[in-house]
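Architecture at a glance
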Amino acid sequence: MPILEIKDLEKKYTNSVQALKNVTLNINKGELFALLGPNGAGKTTLIGIVCGTVRKTGGTIMVDGHDAESNWRAVRQLIGYVPQELTLNPFDTVWDTLFYQRGFYGRPRNDALLEKILKDLSLWDKRRSMIRELSGGMKRRVLIGKALTNEPRILFLDEPSAGVDVELRKGMWDFVGKLKTEGVTVVLTTHYLEEAELLADRIGIIREGELAFVEEKQALLHRFGEKTLTLFLEKPIDTIPPSLKGFDLILSENKKNLIYHYSKGQTNVTDLLKNLHSERIFYQNMETATSSLEDIFLQLIEKKGETQKITNL
Amino acid sequence: MNWIGLKMIIWKELQRTRQVFLQAVLSPFLSTFLYFIVFGTAIGSQIGTVSGVSYGQFIVPGMMAMAIVMNSVLAASSGIYFLRFMGTINDLLTAPLSYIEIVLGFSIASAARTSLISALIYLTALLFVPLPIAHPFWFFFFLFGSAMGFSFFGLLLGIWAKDFEQLSFVPTIIITPLSFLGGVFYSLTMLPPLWQKLTLINPLFYLVDALRYSLLGISSTSLTISILFILVLWIVPLILLRKIFLSGYKIRN
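Throughout what follows, the structure given in this document is the object of discussion. (Residues numbered from 1 in each chain as written. Chains lettered and ligands numbered in written order. Predicted model: local features only at pLDDT ≥ 70, side-chain atom pairs only at ≥ 80, totals over all residues.)

**Structural notes on the overall build of chain B**
- From N to C terminus, chain B includes 10 helices and two strands.
- Going from the N terminus to the C terminus, chain B shows its helices and strands as α-α-β-β-α-α-α-α-α-α-α-α.
- Taken over the C-alpha trace, chain B has a radius of gyration of 19 Å; the compact-globule value for 253 residues is 18 Å, and the two agree within 12%.
- Its C-alpha atoms give chain B principal-axis dimensions of about 60 × 35 × 35 Å. (Helix = DSSP H or I, 4+ residues; strand = E, 2+ residues; numbered from the N terminus. Rg over C-alpha atoms; globule rule 2.2 N^0.38 Å.)

**Description of the environment of Gly-171 of chain A**
- Tracing the chain through its elements places Gly-171 of chain A in helix H6 (residues 166–181).
- Separated by 50 residues in sequence, Gly-171 of chain A and Leu-121 of chain A place their C-alpha atoms 8.9 Å apart.

**Some remarks on the sheet that holds strand E11 (residues 226–233) of chain A**
- Read from one edge to the other, the open sheet built from four strands follows the order E12-E13-E11-E14 (chain A), with strand pairing classed as antiparallel. Two strands bound the open sheet, and with one partner strand each, they are strand E12 (250–251) and strand E14 (283–290) of chain A. (Pairing = 2+ DSSP bridges.)

**Details of H6 of chain A**
Residue and element names in this part refer to chain A.
- For H6, which comprises 16 residues, the first-to-last C-alpha distance of 23 Å matches the rise-based estimate of 22 Å (1.5 Å per residue) to within 8%.
- Considered for burial, the residues of H6 that qualify are Met-172, Val-176 and Leu-179. Taken around the axis of H6, the buried residues stretch over an arc of 55 degrees, which confines them to a single face. Residues of H6 that are exposed and point more than 90 degrees away from the buried face comprise Val-166, Glu-167, Asp-174, Lys-178 and Thr-181.
- One or two steps after H6, the chain reaches Gly-183, where phi turns positive at roughly 95 degrees. (Expected span 1.5 Å × (residues − 1). Buried ≥ 20, exposed ≤ 12 C-beta atoms within 10 Å, placed from the backbone. Arc of directions from axis to C-beta.)

**Quick look at the sheet that holds strand E2 (residues 18–28) of chain A**
Residues and elements named next belong to chain A.
- Pairing is antiparallel in the open sheet, where four strands are placed in the order E2-E1-E4-E5. Each of the sheet's edge strands pairs with one partner strand only, and the pair in question is E2 and strand E5 (66–67).
- Looking at chain direction, strand E1 (residues 2–12) and E2 are connected through seven bridges and run antiparallel. Pairing of Pro-2 across the sheet is with Asn-28, part of E2.

**Some points on the nonpolar core**
- In this structure, Phe-156 of chain A together with Ala-65 of chain B are the most contacted members of the largest nonpolar core, which totals 141 residues.
- Looking at this core, the element that brings in the most residues is helix H3 (residues 55–86) of chain B, giving 19 residues. (Core = buried A, V, L, I, M, F, W, Y, C linked by C-beta atoms within 7 Å.)

**A look at the interface of chain B and chain A**
- The interface is formed by 20 residues belonging to chain B together with 24 residues belonging to chain A.
- Of all the elements in the fold, those that place two or more residues in the side of chain B that touches chain A are helix H1 (3–19) and helix H4 (89–93) of chain B.
- Residue contributions to the side of chain B that touches chain A peak at five residues, all from H1 of chain B.
- Grouping the amino acids of the side of chain B that touches chain A by side-chain chemistry returns eight nonpolar, nine polar and three charged. (Contact = placed C-beta atoms within 7 Å. Nonpolar A, V, L, I, M, F, W, Y, C, P; charged D, E, K, R; others polar.)

**Quick notes on helix H2 (residues 21–47) of chain B**
Residues and elements named next belong to chain B.
- Across its 27 residues, H2 extends 36 Å between first and last C-alpha, which sits within 8% of the 39 Å expected from 1.5 Å per residue.
- At Phe-36, H2 shows its maximal bend, which comes to roughly 35 degrees.
- Among all positions in H2, only Pro-28, Thr-32, Tyr-35, Phe-36, Gly-40 and Gly-44 are buried.
- Where H2 is buried, its residues meet strand E2 (53–54), H3 and helix H5 (99–126).
- In the stretch just after H2, Gly-48 is the one whose phi turns positive, near 85 degrees. (Bend = angle between axes of the 7 residues up to and from the residue.)

**Description of unusual backbone geometry**
Residue and element names in this part refer to chain A.
- Positioned with a positive phi, Lys-255 is a non-glycine residue whose angle comes to about 65 degrees.
- Topologically, Lys-255 is positioned in the loop between E12 and strand E13 (257–263).
- Among the residues examined, Lys-255 registers 13 C-beta atoms within 10 Å and is labelled partly exposed.
- Non-glycine residue Arg-280 carries a positive phi angle of around 55 degrees.
- Here Arg-280 shows up in the loop between helix H9 (269–278) and E14.
- A count of 8 C-beta atoms within 10 Å places Arg-280 in the exposed class.

**Structural notes on the pairing of E11 of chain A**
Residues and elements named next belong to chain A.
- Pairing of E11 with E13 involves seven bridges; the strand directions are antiparallel. Across the sheet, residue Lys-227 finds its bridge partner in E13, namely Tyr-262.
- Both E11 and E14 contribute to a ladder of seven bridges, which runs antiparallel. Note on E14: the bridge partner recorded for Leu-229 is Thr-288.

Below you can see the structure in the form of structure tokens.
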């Protein structure tokens, strides 16, 4: 059941730049949805409109059955927003930052909740520190903590790992995974495709303001994922024998490796190996590799004009 | 109405005042003290009485008016400008807070700070002259009413300002001269006819005069005009602020 329903969402700036074009998207309750796209594709604009920092110029948004326009207070109560920039008051303490934020949402004081959030984010020891005294990674965690103070049912993370070191990033992934197990729906935009590949249930790709693609991550990997078989030959060969032409093999420049690309569904690797044997081409070793989400992403965003528009399922 | 949210904006803004408490308290105390030394004691002793009160008493309402205008504008404009500058205004925009709750939150906090400063000026002035409040209701009406009105104006300034220079431009170039020329240190009757006419088009004159009426019981103009001044000071900025928040001008993309 969708917790967020976006229909024909449009954003046109006064300088005629159209940041979003008829975006339709449903986010299901409890899922982790990753929104990918190159810089300027419209990811932040999309999140900004849902969260209230950007005004839409067309379309409708429903959050948990509430219209974002006519019932905006109820909608905002359900949303937590972690912006891309480190927007924090440097002179507030960590505790006050969270305390104020909960108050802005009209929620009664709940010190136990703030303590839990700070402990979960390993910030409890820093609760009396001023924001300006924190490292970039800690500030990023404070932003996440801030977004959780109103106990949101849907959390938007706009590039949560930007500028965060590897260790911290992994800690953050664990935390996001934990939120998901607690039933919080998470929508994240990221440049780290590894992040999306690891965390997401579904992936949407946005390009030039249009939602080009939405699919289950596994289905996406399966559908567009490509496998590569590299055979390390015992002896170099000058050319690929005519009997192997049908496999579209590539001979490496040093003539010592044969490279075979095939889709995950194909099963003619056995035929290839048999044919090699009959041509008396022997190999010392072999290696297989699967294309990552990053490869698929690059492949998809480069396919201009071949947009496969799949409105949400 | 998000009462907790409104209360939290006020509380947060007052904490900002607390962080600069000494500066907020010392500055009005010191300036009042100095004004009294220079104008009340040194020059005032040569002037004698103005409109039936001592010169020291005569300048107190004007000094309070100057403090109200300047502090209300500065507190509200810097409060909202700082949020814009830091990007933390999004904390309010994403929260279930309406424009009126945001505007009232900043303005009430700013007016409270201004009222505290006015009280300090009053208490400091008591060290020099007796100051029984002639019309307590009107005194608090004009004090808090003008503090709120100028805070609304300050919010407009804080949203409009592109940088710190623009933020300080209006208080320095417009408000300070208008305050000084608003009859703080002199009675309207002490001026030549042309200056009297010019003073009458200075809006701050009506605030000074209203406070003088409510505090000392003396006035150069009608109370109705001063009440109208307060009403305009509320209505015009509130209409503009509503337009700004609904259109998102400079605060929402």
